Structure formats: C-alpha cells, structure tokens
Amino acid sequence: MTARLPFPLVDEISRHCLQDDTPETVHIEVHLPGRLHHEGLRTAFHQALARHPRVLVRQLPPRWWHRHYTWQLAPAPDVDPVAFPPPGPDALTRARTRALTDCPPLDAAPPVRLEVIDPPHTTDAPQPTAPTGTVLLLTLHHTALDAPAGLRILATTADLYREATQSGPTPPPPTPPPPTPPPPTARAPRQQARSEVRGERRGEGRTEAERAERAEPAERAQRVASPAPAPSTPSTPSPPSALSVPSPLSPAPSPYRPGPLTRPARLAPDHTATTAAPHRSTPRSPRPGNGMLLAVLPLPARPHHTHSTEHSPPSPHTVNDQLLVATHLMATHWNALHDRPAAPVIVTMPIDDRPRGPHMPIGNGTRLTPVAFPPTPSRSTARPQAPAPTVTHLLHHTATRTRALKSATLGPQLGFPSAALTSLPLPVGARRALTRALRALAAPWTPTALLSNIGRVPYPLDFGDTGGRATAVWFSAPARMPRGLSITTATTRDGDRIHLALRWSRALLDDAAAARLLALFRTSLATTASATTPPPPVGSAPRTEGGGTP
C-alpha cells in the first residue's frame with residue numbers, strides 16, 4: 001500500500017489560503033553557460049526525484065469529515081515534469097510568465113515543473129539574462145515544497161547529469177601548496193619550546209573568520225584569478241560621504257519591539273501608470289496575480305575588521321542584516337513619497353535550520369520570524385538618506401535581533417497560533433473556513449514585506465563539460481495581499497554579486513511602480529553599504545549569511 005502522510009503545519013495553512021487569482025508558486029531560475037543533452041537531463045531529473053521520494057507526492061481528494069489533508073507518496077511520477085519549450089526570442093519571458101501564473105497541480109505527482117530554455121533566449125524587458133547558454137526554470141507548488149528543497153533537487157540533478165556525461169565526478173580544484181615558512185633561526189632549546197607553546201596558544205585563539213579563510217584557499221584564488229563580470233544593471237549613485245564612517249561612541253539601542261496591537265506599515269499602492277494613461281477614458285482595475293523583476297547587485301561593503309585575523313571583534317552585522325535595513329529604508333521612503341503616516345516596518349525573515357547535504361529533509365522546512373523597525377520621520381528628499389548614527393544603529397539593532405532569532409529555541413514554524421489552529425478537533429473543511437476568516441481579520445497586522453536571503457548557494461550546480469557551472473541563480477516567493485511584496489536574494493557559490501528578485505501583487509503595484517520600488521531598494525542598499533568602512537582587498541570577499549528562504 002502506498003504510504004500516506006498528513007499535511008504538516010505549513011502545508012495545511014498554505015492549502016487553506018490558496019486563491020485562484022494568486023498561484024502559490026516558487027520560481028527558481030538557474031543560468032548555465034553551456035547546453036544540455038535533453039534526454040540526459042530528463043533521466044538525471046527523474047533519478048533525482050527517486051533519490052528524494054518526498055517530492056513524489058500527490059494530494060488525496062479530501063472529504064468533509066477528514067481531520068487532515070493527506071499526501072500520498074507515489075512510486076513514480078504521474079506526469080513527466082520536464083519540458084523543453086521551443087527556443088525563441090521570447091521563450092524565457094514566456095517561461096517566467098508561466099512560473100507566476102501556472103501552478104503545478106497538487107493531485108498529480110510531483111508538484112513541480114522543470115522547463116529547459118535553450119538559446120537563443122532574449123527578452124525585450126530590462127532584465128538581466130545570459131546572452132548564451134541554457135536556462136533551467138523550476139516551478140514548485142509552495143504548498144508542497146520551498147526554495148531550499150528545489151535547489152537540493154537541482155543539485156542532485158547536476159551531480160547525476162555530470163557523472164553520466166563524463167567518466168566520473170568532477171575533481172575538486174587543486175589546492176595551492178601552503179606558503180613555505182622562513183627557516184627558523186638558531187635558538188636555545190628552552191627558548192624554542194617556549195615559542196612553540198606560545199604559537200599553539202595563538203592558534204587556539206584564532207577567529208572563526210580566519211579559519212574559514214584558511215579552509216577555502218582554492219576558491220579565493222579562483223576569485224582573484226577570474227573576477228566575476230560586472231553586473232548588467234545600472235550602477236547605484238554613491239551615497240553621501242557623511243555616512244561612510246559609523247560612530248564608535250554611540251551605543252546601539254536595544255532591538256525595537258512593537259506592541260501586540262501595533263499595526264505595521266502597509267506599502268502604499270501605486271497604479272499611476274495603469275489608471276492614469278492619457279489614452280484611457282476610464283480607470284482600469286489592476287490585473288490579478290503577481291509581477292516579477294530580476295536584478296544583479298554588488299555585495300555591499302562590510303566593516304573592514306570583519307576580515308582581520310587575530311584580535312578582531314566579531315562582525316557587527318551581516319549582508320543579511322544590510323538587506324533587512326535596506327528593505328526598511330525602501331518601505332519608509334516609498335510611503336513618505338505617497339504621503340503615508342510613519343508606522344513601524346516589520347519584515348518577515350524566513351530561517352532554515354535544515355542541513356544542506358544529500359539527506360536534507362524535503363518539504364517546507366523554514367520558520368517565519370519578524371524583524372521590526374521603529375517608525376522613522378520621513379523627509380521629502382530624492383533618496384532614502386539618514387544620518388550616520390541612524391543607519392549604523394539600525395544595522396546594530398538588526399544584527400542583535402537576527403542573532404537572537406537564529407539562536408532561539410525552535411518552535412512551530414508559523415508560530416503558536418497557527419499550530420493551535422491546525423490542532424483543533426474539527427473537520428478540515430471547518431478549519432479551512434476558520435483559517436481564512438481569521439486571516440482576513442488579522443490582515444491589518446500583516447508584516448510590511450518578506451525578505452528571504454538564501455545567502456551563498458551551498459551547491460556548485462555544475463553540469464559538467466556540456467552545461468558548465470551555474471553563473472546566476474534567482475528564486476522568488478509568492479506575494480499575496482495584504483502584504484503583496486516579497487524580496488528574495490541569492491549569491492552563486494563562486495560569485496560576488498547578489499541576484500535579487502522583486503515579486504509583487506498586481507493589486508498593490510503596476511509594472512512602472514515596481515520598477516521605481518526596485519530602484520529605491522538599490523539606493524537603500526547602497527546607503528547601508530556607505531555606513532560601513534571601505535571593503536577589504538580582493539581575495540577576502542565577504543560572505544552572505546542567509547536568514548532562510550521561502
């Protein structure tokens with residue numbers, strides 16, 4: 001008999017809240033420099049599904065008296081999830097549109113779809129795309145899977161494809177020999193023994209950052225030898241020099257915690273370009289569904305002592321903290337431009353505690369945590385600027401909050417209220433109606449935006465001699481109202497650029513407004529970078545620390 005699994009907490013809440021006009025899809029886009037053999041890739045993907053059988057699930061038809069929705073593990077795919085659309089100038093644009101509008105069904109295993117876009121693939125939209133090579137576009141149903149699970153499946157597919165198309169696994173790059181120490185001078189035996197003891201004690205006190213830098217000499221050497229190409233998006237203007245050096249004497253405030261009845265800021269809607277067109281006599285209602293923009297940003301600068309060696313304090317904040325502060329600055333300035341009153345900005349940050357190895361648990365494994373920012377008096381300026389102590393304190397307050405969230409005792413993924421709601425002894429249909437009613441009631445307290453930073457992708461995604469190693473990785477999360485905005489970021493394993501996806505509800509923004517919001521985020525991130533000291537020399541690139549993914 002085929003195994004059956006009741007829906008976990010996240011799966012059930014997601015299933016309760018499904019809407020026909022907003023497909024619950026997760027989009028993952030991987031750019032490769034080469035081309036792939038179609039049948040070899042299809043075989044490798046099917047083998048990867050067999051290695052991760054939790055992907056091969058279908059939802060059993062629910063009955064009104066059932067206590068839970070139920071997954072059924074299928075022995076094989078019900079439908080072929082791999083598709084090869086005909087290449088063309090708009091093939092990638094059409095595939096991205098399908099990723100936002102066509103959700104893989106839950107009643108057929110697996111609830112995923114892999115589209116392989118062969119070159120040439122060009123688009124008229126101002127989006128960064130590789131001029132040549134293959135694009136893998138994986139679409140997941142978020143009720144069943146999240147982005148880390150999708151990346152794990154693609155990593156297994158890459159390993160199997162590479163091993164099948166070449167004689168064996170790709171050998172690791174050669175490790176350069178360690179530097180030869182200078183010959184020791186002659187010294188007395190007792191003096192030499194004392195020196196060795198002092199050296200051992202100094203070795204015990206090395207920082208974690210130094211050990212990490214010593215553990216990856218090959219990757220650092222590769223980055224120096226072949227630097228990443230410049231981003232295809234326009235560069236951000238340099239922020240004012242007044243923000244360049246943080247104040248060392250200003251104490252960082254304790255993390256801001258809003259009251260339980262405090263309403264977060266809502267991003268101001270903007271459909272100016274849609275409803276105020278000169279040729280349109282009557283305003284047109286917004287289209288349903290989501291829109292998406294992709295961008296490539298440089299890694300923001302980090303404090304210089306983060307890359308020191310022996311007597312440096314721990315890093316005051318991470319790239320993930322800078323992304324959170326940039327989201328706060330973006331939302332605050334956007335609402336100020338639309339004459340909205342100041343209100344606390346609360347950003348939802350997913351945290352993923354799962355291991356990333358071959359036995360990683362597949363499904364929805366992240367927990368959602370809130371990061372709150374106090375209301376900031378807005379100013380009518382052309383860009384989101386703040387005095388140096390303000391940005392510096394925001395970074396320190398955010399770092400304190402995120403460290404506490406990541407080290408906190410694990411609880412229910414969506415909080416105790418959701419756990420209590422799914423454990424009520426009611427039929428699943430009654431719980432669905434109750435969940436949707438409570439969600440509508442709690443809409444004014446929904447966080448302002450979602451920021452999911454996966455950090456540096458933990459897999460090389462190397463498809464061997466024919467496909468090559470991934471040069472860009474984007475992923476995006478659903479943007480449902482009343483929040484209506486999700487920002488997702490990732491960095492390739494060998495790169496030093498942030499691949500950002502801005503996904504919004506069309507009930508909140510039109511395309512022109514979303515483009516302005518993306519430009520505002522770019523400037524806000526540059527503002528957080530200018531609140532730190534200049535970046536370190538080439539060869540010690542900062543690492544991104546992800547809060548998790550959707």
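A brief structural summary.

Conventions used here
Residues numbered from 1 in each chain as written. Predicted model: local features only at pLDDT ≥ 70, side-chain atom pairs only at ≥ 80, totals over all residues. Heavy atoms only, no water. Helix = DSSP H or I, 4+ residues; strand = E, 2+ residues; numbered from the N terminus. Expected span 1.5 Å × (residues − 1). Buried < 20%, exposed > 50% of the residue type's maximum accessible area, 1.4 Å probe, protein only. Arc of directions from axis to C-beta. Patch = residues over 30% accessible without salt bridge, like charges linked within 9 Å, V, L, I, M, F, W, Y side chains within 5 Å. Areas by Shrake-Rupley, 256 points an atom, 1.4 Å probe, with all protein chains shown as cover. Salt bridge = Lys/Arg side-chain N within 4 Å of Asp/Glu carboxyl O. Pairing = 2+ DSSP bridges. Axes fitted to C-alpha atoms, helices over the stretch in contact; angles between N-to-C directions. Contact = heavy atoms within 4.5 Å. Parallel < 35°, antiparallel > 145°, perpendicular 65-115°, else oblique. Nonpolar A, V, L, I, M, F, W, Y, C, P; charged D, E, K, R; others polar. Core = buried A, V, L, I, M, F, W, Y, C linked by side-chain atoms within 4.5 Å.

**A short note on helix α12 (residues 428-441)**
Spacing of three or four residues puts side chains on the same side of an α-helix, whose turn is 3.6 residues.
Alright, step 1. Here α12 contains 14 residues, and its C-alpha end-to-end distance of 20 Å stays within 8% of the 20 Å for a straight helix at 1.5 Å per residue.
Alright, step 2. Taken as a whole, α12 has its buried residues at Val428, Arg431 and Thr435. Down the axis of α12, the smallest arc covering the buried residues is 55°, so these residues share one side. Those residues of α12 that are exposed and angled more than 90 degrees off the buried face are Ala440 and Leu441.

**Here we look at a nonpolar patch on the surface**
Alright, step 1. A cluster of nonpolar side chains, contributed by Leu426, Leu434, Leu438 and Leu441, occupies part of the molecular surface with about 330 Å² of accessible area.
Alright, step 2. Counting through the fold element by element, Leu438 comes out in helix α12.

**Regarding the sheet that holds strand β14 (residues 497-505)**
Alright, step 1. Taken together, the six strands give an open sheet; going across it, the order is β8-β14-β13-β11-β9-β10, and neighbouring strands pair in mixed fashion. For this open sheet the edge positions go to β8 (290-298) and β10 (366-373), each flanked by a neighbour on one side alone. Direction aside, neighbouring strands of the sheet carry axes that sit 20° apart on average.
Alright, step 2. Of the strand pairs in this sheet, strand β9 (residues 345-352) and strand β11 (residues 449-456) are connected by two bridges, and their pairing is parallel. Note that in β11 the partner of Val347 across the bridge is Ala449.
Alright, step 3. Strands in contact with helix α3 (residues 91-101) are β8 and β14; relative to β8, the strand with the most contacts, it is inclined by about 120°.

**Quick word on the packing of helix α1 (residues 9-16) against α12**
Alright, step 1. The N-to-C vectors of α1 and α12 enclose an angle of 75°; their axes lie 9 Å apart at closest approach. One way to sum up the angle between α1 and α12 is to call them roughly perpendicular. Two secondary-structure elements touch here, α1 through Glu12, Ile13, Arg15 and His16 and α12 through Val428, Arg431, Arg432, Thr435 and Arg436.
Alright, step 2. Class assignment for the residues of the contact of α1 with α12 results in two nonpolar, two polar and five charged.

**Here's the deal with the environment of Arg340**
Alright, step 1. Inspection of the secondary structure puts Arg340 in the loop between α9 (319-337) and β9.
Alright, step 2. Here the alpha-carbon distance between Arg340 and Ala265, two residues 75 residues apart in the chain, equals 8.9 Å.
Alright, step 3. Setting aside chain neighbours within four positions, we find Arg340 in contact with Arg266, Ala268, Pro269 and Asn335.

**Regarding the nonpolar core**
Alright, step 1. Counting residues in hydrophobic clusters, the biggest one holds 47 residues, and the most contacted among them are Ile28, Val30, Leu136 and Leu461.
Alright, step 2. At the level of elements, β2 (25-32), α2 (38-51), β6 (112-117), β7 (134-141), α4 (147-165) and β12 (472-476) are the ones that each hand at least two residues to this core.
Alright, step 3. Per-element accounting of this core gives the leading share, nine residues, to α4.
Alright, step 4. Those residues in contact with Leu461 that lie beyond four places of it in its chain are Val30, Leu32, Leu151, Leu154, Ala155, Ala158, Gly468, Arg469, Ala470 and Val473.
Alright, step 5. By size, the runner-up hydrophobic cluster in this structure holds 43 residues, among which are Leu267, Met330, Val391 and Phe521.

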